[in-house]
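A closer look at the structure
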Amino acid sequence: MEYDLNKVGDGLFEIAVSGVVLDDLGAALPGVSILVKGTTTGVVSDLEGKYSLVVPNENATLIFSFIGFQTQEVQVGNRTEIDVRLSADTSNLDEVVVIGYGTTKKSDLTGSVISAPLKNFEESPNTNILQALSGSTPGVNIGQVAKAGEDPSIEIRGQTSLNGNQQPLIVLDGIFYRGRISDLNPKDIQSIDVLKDASSKAIYGAQAANGVIIITTKTGRQAQKPVISYSGFVATQTPSTQLKPLGREDYLKSARDVDWQRGYLAPDYLTEDPDWTLQNNTGFFPPLIEGLNNGTDYNWYEEVTDPGYIVDHQISIRGNSDKTSYFISGGYTDQTGWMLNDKFNRVTGRINLDTDITEWLKIGVNTFGSFTDYSGDSPDFNVLPTMSPLVTPYNENGEFIINPLGDFRLNPFLIAQADNRDLRNNISGILYADVKIPPIEGLSYRLNFSNNYRWSNFSTSNPYDGGLAGRAQKNNSWTNDVLFDNILTYTKEINGDHRITLTGLYGMNKVKYDETRAVGVDYSNLILSYNSLQQALIQRIGSSAWEESFLYQMGRLSYDFKRKYLLTATIRRDGFSGFAENNKFGTFPSIGLGWVLSEESFLRDVEKIDFLKFRASYGITGNLTNRYSSLATVTSGPASQYVFEDGGSTVNGQRITSLSNPDLSWERTSGTNFGLDLDLFNSRVSANVDYYFSTTNDLLWNFVLPNITGFSSISSNVGEIENRGLEIVLNTQAIQYSDFSWDIGVNFSRNVNEVVSLIGLDRDGDGREDDLIANNLFIGQSIGTIYNYEVEGIWQIGDEVPAGFQPGLYKLRDLDGDGSITPQGDRRILGRTEPAYRFGIQNTLRYNEFTLRFFINSVQGGEDGYLGLNNPWAGVNYGSIGTAQSSNWFSEVDYWSPSNPDATFRRPGPDAGIAGQRYFSRSFVRLQDISLSYSLKSETLQRIGMQNFKFYVSGKNLLTLTDWVGWDPETGQGLGAESGQSLPVMKGFSVGLDISF
């Protein structure tokens, strides 16, 4: 025992204590807080997990705490060396969650807020941080991407609007963010918190109906010397599903199948007619006949597709001195997709800095710059699968053939010959000051000022554009987004039982946009590309600009009594320049209640229950409309020109194109949420359950007007939509040993939406509101309802085929039994596009220095949900035998022919006058992410002077189990060539390295 020379008042000596802090696997834990209980004396463990401090006497107790681990108290006694192992806290009840204009502990939440498990996907080759949320965060639906650098779609707890904004609000470091998520470097992101229920969202009022995603970037960790980190990976990219157009032999057979009545002999049409020849009996144009005769077998796909790749390098420096913390990073990402000219290049830089000027004043700045390049036009992938293998894109001189098939279709390679520049840049600066107001303890003021400037330069020229006369274009645009927030916070604890936090906000936000464009058509040559637009015979210029502003105030009360009874109440008032004169402002209240049952006497002694809380909340949020939808708009153009007198000059006039609505108001979504949070068996098992239902009223709708008015529609508020659902999260430490552990996380979500009312019409007088069939909206059904003819098979040779149909075409069910197929009597609701439920399963297995993670993502449609249209004949005119014979399609298309009567799809060629469509289940189970990493032990790291070393290999979208036939079930990309249905989702393998010094 070591004693100091100084004695304390009680006669006992001070004691110098030291030791090391490890995690439950034996790795050193830097940054752990060690505090002498009942005092302000404390230290933080160093990079090797070591600490040392002086305690008053042997009766002192040390408190060891670290985010993500269970807090541990140790009495000193007569020891001078105390080594501690902290166990991981799977419940993370002390985890700090960002809730908007403040933070709170997870255990104190009264609303439905979830933190994304970013750590589980840090080895995944994601170029967009939202990819880490796909399937892993219940209630948050992140779409797949099929293009390099593409932002995925986002939906939180279902669709809440028909015509209004349907994107969630993004908050970056406390500030509204309207830029591209792909501009953000994923390695700069510390956490993502999602506000899902109306109570937690209402703090953002009019912009929060579709949910709120709060992104927080990294800062310098406290009491830490500078740490230099590098991370990088290289990944491959190939289609997760391979589709191939027909080769020469199959293509030639299909030409006979299309003309089966002449190409095969009656009565069964199974024997080829020897008199039928490809040269004389097909609709082939001369180029195809030439290719037929010379044996051409050209693969159009091989010319424009190659395995893609991603190269990613990130470097950062972070640290903290006595008063200043900093995080500085730079990143480079280069992504080349599978398709020609599908490219994304990103360079990012970030500086996050804060410093304590005095004990009562801290100032800081969060800045970043992102500079992205999307240059290059890809071939027309809607036409590419339809190109015949009998023709090539080039002539004998190596020049492009404009119409290779000899018909209306242009060479799909022509688009890719553009000299295209597509640069998109984004710089942002957030300045803030935190002031602790000295006279009043617990009162603080925060000032936020943000200026985000985004600008883009789009320039392109193509000698084959403009009707083959050549076309060039330049577009320059910028957006400036300025925000100013004043936040006042007061915290007070009374007698150790009552804790109160009051938050007040007054802020404004103004967004400006400006665009200038110039187009030239018809060039004698384009040698100067888009840099000499004045050489065009036809020149057009245009410009546009807009401005919108927001003004808002908010007040919030957070109260808890003995950490047992919790209350959060919020009210927000929003004003938006885009709303009508009589409804510029809206008020959005909310309330949330929490009851921690595990603190009650009847459960306090139940050892297996660590934490049990019931939550209930209610709130109202709003949704925005287009900034000019309430105003009458005026346009000027050729339709408004007027000639004064004979031989007079032509002048531009103006005409009103839309009517104003001075009473247009906000969409308002009211929602109720009930939740349960549970921790069991020393936090080995944790669960969260939420049930919710919400109602959106005053839907923004373009109400159709009679033509006699001179206007087609007027923006109005009508109707009502409901959403209800269930979300479950279950995390378990299934196995936990010193050298092996297995953690399992499961999440489940289900959402059902329903159209309750629309525009109130009852034309037939039956007392029930009419459906809007033309808009595919039905009372009592979901927004994604599928209403069409029911296909019950395919008409076969020998059937009594009704007039208007032929063998090989879809057989439609006669629902009303009148002997004919009509739109009025024979269409019904077939199902819906929305899924029945979603689930995800995360597994993390650790053995010594190895960690294996794999994540399974699934979307299921149930009996009649998650259906998708799969029409292989869409997008190209297959309407005649000749065009069908000249066209190609994917070899995976199971089409009808006399020798294939049980086919999935109708025959190619002319369809019936009343045509049916086939819908198929898109349900799938996908091995979305898998990784195996190796990390050096802390002892080895100490010897070589490193803080972290991790090498890993990973896979993305390696396996998808589904009955869907096509590119991908999640995107709904099937076998058709229509726009939006011709690009595959990428899979790949990656190798990466993370090191820190």
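Residues numbered from 1 in each chain as written. Predicted model: local features only at pLDDT ≥ 70, side-chain atom pairs only at ≥ 80, totals over all residues. Heavy atoms only, no water.

**Some points on the side chain of N888**
As a reminder of what qualifies: Runs of E in the DSSP output that reach at least two residues are strands. Runs of H or I that reach at least four are helices, and both are numbered from the N terminus. Exposure is judged per residue with a 1.4 Å probe applied to protein chains only, and the accessible area is read against the type maximum: over 50% gives exposed, under 20% gives buried, and values in between give partly exposed. Side-chain atoms alone can form a polar contact between residues adjacent in sequence; in general such a contact is a pair of N or O atoms within 3.5 Å, and within protein one must be able to donate a hydrogen while the other accepts it. Contacts were defined at the residue level, with two residues in contact if any of their heavy atoms lie within 4.5 Å.
Mapped onto the elements of the fold, N888 is located in the loop between α8 (881-886) and β47 (919-921). A relative accessible area of 1% means that N888 is categorised as buried. At 3.4 Å, the side chain of N888 forms a polar contact with the backbone oxygen of M387. Residue contacts for N888: discarding those within four places in its chain leaves P245, L246, Y251, P385, T386, M387, S388, P389 and Y878.

**Looking at empty space enclosed by the protein**
Our working definition: Think of a 1 Å grid over just the protein atoms. A cavity is a set of points where a 1.4 Å probe fits yet cannot get out, a pocket is an open set with protein on both sides within 12 Å along at least five of seven lines, and lining residues have an atom within 4 Å of a point. Grid points are joined across faces, edges and corners, and a volume is the space filled by probe spheres set on the points. Ten residue types, Ala, Val, Leu, Ile, Met, Phe, Trp, Tyr, Cys and Pro, are classed as nonpolar, four, Asp, Glu, Lys and Arg, as charged, and the remainder, Gly among them, as polar.
Overall, the coordinates contain 10 cavities of 30 Å³ or more when judged by the stated rule. Size it by volume and the largest cavity reaches roughly 270 Å³. As for the largest cavity, its lining consists of 25 residues, of which Q131, V145, Q237, Q335 and M986 are closest to the centre. Among the elements of the structure, β17 (227-239), β49 (948-962) and β50 (986-996) are those that each provide at least two residues to the lining of the largest cavity. Considering only residue class, the lining of the largest cavity consists of 8 nonpolar, 12 polar and 5 charged. Looking at the second largest cavity, its volume works out to about 130 Å³. Taken together, 15 residues make up the lining of the second largest cavity; nearest its centre are R157, K196, K201, Y692 and S694. Those elements giving two or more residues to the lining of the second largest cavity turn out to be α1 (198-201), β36 (667-680) and β37 (685-704).

**Examining the packing of aromatic side chains**
To keep things clear, this is the line we draw: Each aromatic pair joins two rings of Phe, Tyr and Trp (for Trp, the six-membered one) with centres within 6.5 Å, and gets the label stacked for planes under 30 degrees apart, edge-to-face for over 60, and tilted for any other angle. Here, over-ring charges are defined by two tests on the NZ atom of lysine or the CZ atom of arginine: distance to the ring centre within 6 Å, and angle to the ring normal within 35 degrees.
The full count for this structure, using the stated rule, is 35 aromatic pairs. Through a chain of ring-to-ring contacts, three or more aromatic side chains come together here, namely Y298, W300, Y394, F400, F413 and Y464. Over the face of the ring belonging to W546 we find R627, whose NZ or CZ atom lies 3.5 Å from the ring centre. We note R926 situated over the ring of F924; from NZ or CZ to the ring centre the distance is 4.9 Å.

**Regarding the confidence of the model for the protein chain**
Operational definition: The quantity called pLDDT is the predictor's confidence in a given residue, expressed from 0 to 100.
Of all residues in the protein chain, 96% have pLDDT values of 70 or greater, and the mean over the chain is 90. Segment residues 1-11 is flagged for pLDDT under 50; beyond a separation of four residues in sequence, or across chains, it makes 21 contacts in the model.

**Quick look at unusual backbone geometry**
Going from A266 to P267, the amide bond is cis rather than trans, its omega being 5°. Note on placement: P267 falls in the loop between β18 (264-265) and β19 (271-272). Positive phi values are uncommon outside glycine, yet D698 reaches one of about 55°. Here D698 shows up in strand β37.

**Quick look at the sheet that holds strand β7 (residues 84-86)**
Our working definition: The pairing criterion is simple: DSSP has to find at least two bridges between the two strands. Angles shown run from 0 to 180 degrees and are taken between the N-to-C directions of axes, each axis being a line fitted to C-alpha atoms and, for helices, limited to the stretch in contact.
Spatial strand order, β4-β1-β7: 3 strands in an open sheet with mixed pairing. Bordering the open sheet on either side are β4 (50-55) and β7, each of which pairs with just one other strand. On average, adjacent strands in this sheet sit at an angle of 35° to one another, irrespective of strand direction. When strand β1 (residues 15-23) meets β4, the two strands line up antiparallel, connected through 6 bridges. Across the sheet, G19 pairs through a bridge with Y51, a residue of β4.

**Section: the side chain of T386**
On the secondary structure map, T386 appears in the loop between β23 (361-373) and β24 (419-436). Reaching out from T386, the side chain makes a polar contact with the side chain of R409 at a distance of 3.4 Å.

**A closer look at the environment of S136**
Tracing the backbone through its elements, the reader meets S136 in the loop between β10 (113-115) and β11 (140-142). Overall, S136 belongs to the buried group, its relative accessible area being 10%. On a C-alpha basis, the gap between S136 and F576 in space is 34 Å, while along the polypeptide they are 440 residues apart. Apart from residues lying up to four places away in sequence, S136 is in contact with P117, F121, N747 and F855. Polar side-chain contacts of S136 include one of 2.8 Å to the backbone oxygen of A132.

**Digging into the UniProt feature "domain: TonB-dependent receptor plug" (unreviewed entry) in the protein chain**
Just so we agree on the cut-off: UniProt positions are given in the numbering used here, feature names are shortened, and annotations may be inferred rather than shown by experiment.
As recorded in UniProt, the feature "domain: TonB-dependent receptor plug" (unreviewed entry) lies at residues 106-212. The span residues 106-212 carries 4% helix and 21% strand; its end-to-end C-alpha distance comes to 17 Å.

**Section: the pattern of salt bridges**
Opposite charge on two side chains permits pairing when their charged atoms draw close. Rules: Here a salt bridge means any side-chain nitrogen of Lys or Arg lying within 4 Å of a carboxyl oxygen belonging to Asp or Glu.
One pass over the structure, following the stated rule, counts 43 salt bridges. The salt bridge partner of E727 is R157, with a shortest N-O separation of 2.9 Å. Placement of E727 in strand β38 (residues 713-736) and of R157 in the loop between β12 (154-156) and β13 (169-172) is noted, with a sequence separation of 570 residues between them. Given the relative accessible area of 3%, E727 is considered buried. We classify R157 as buried; its relative accessible area is 7%. A salt bridge links D690 to R615; the shortest N-O distance between them is 3.0 Å.

**A closer look at the sheet that holds β13**
Spatially, 5 strands are ordered β10-β15-β16-β13-β14 in an open sheet, and the strand pairing comes out mixed. Looking along the sheet, the strands with just one partner apiece sit at the ends: β10 and β14 (175-176). Judged from the 3 bridges that link them, β10 and strand β15 (residues 189-195) form a sheet pairing that is antiparallel. In the strand pairing of β15, S115 is matched with D193.

**So, the nonpolar core**
Our working definition: By nonpolar core is meant a set of buried Ala, Val, Leu, Ile, Met, Phe, Trp, Tyr and Cys residues that side-chain atoms within 4.5 Å join together.
Core analysis: the largest hydrophobic core is formed by 58 residues, its most contacted members being W889 and V893. When contributions to this core are tallied by element, the ones reaching two or more residues are α2 (248-258), α5 (286-294), α6 (300-304), β41 (791-794) and β42 (810-812). It is α2 that provides the largest number of residues to this core, a total of 4 residues. Formed by 30 residues, the second largest nonpolar core is a distinct cluster that contains I203, I214, I487 and F579.

**Observations concerning α5**
Heads up, the rule is: Directions pointing from the helix axis toward each C-beta atom define the arc.
Within α5, the full set of buried residues consists of L288, G291 and L292. Along the axis of α5, the buried residues cluster in a sector spanning 105°; they form a single face. In α5, the exposed positions angled more than 90 degrees off the buried face are occupied by P286, E290 and N293. Close packing links the buried residues of α5 with α2, α4 (278-281) and α8. One or two steps after α5, the chain reaches G295, where phi turns positive at roughly 80°.

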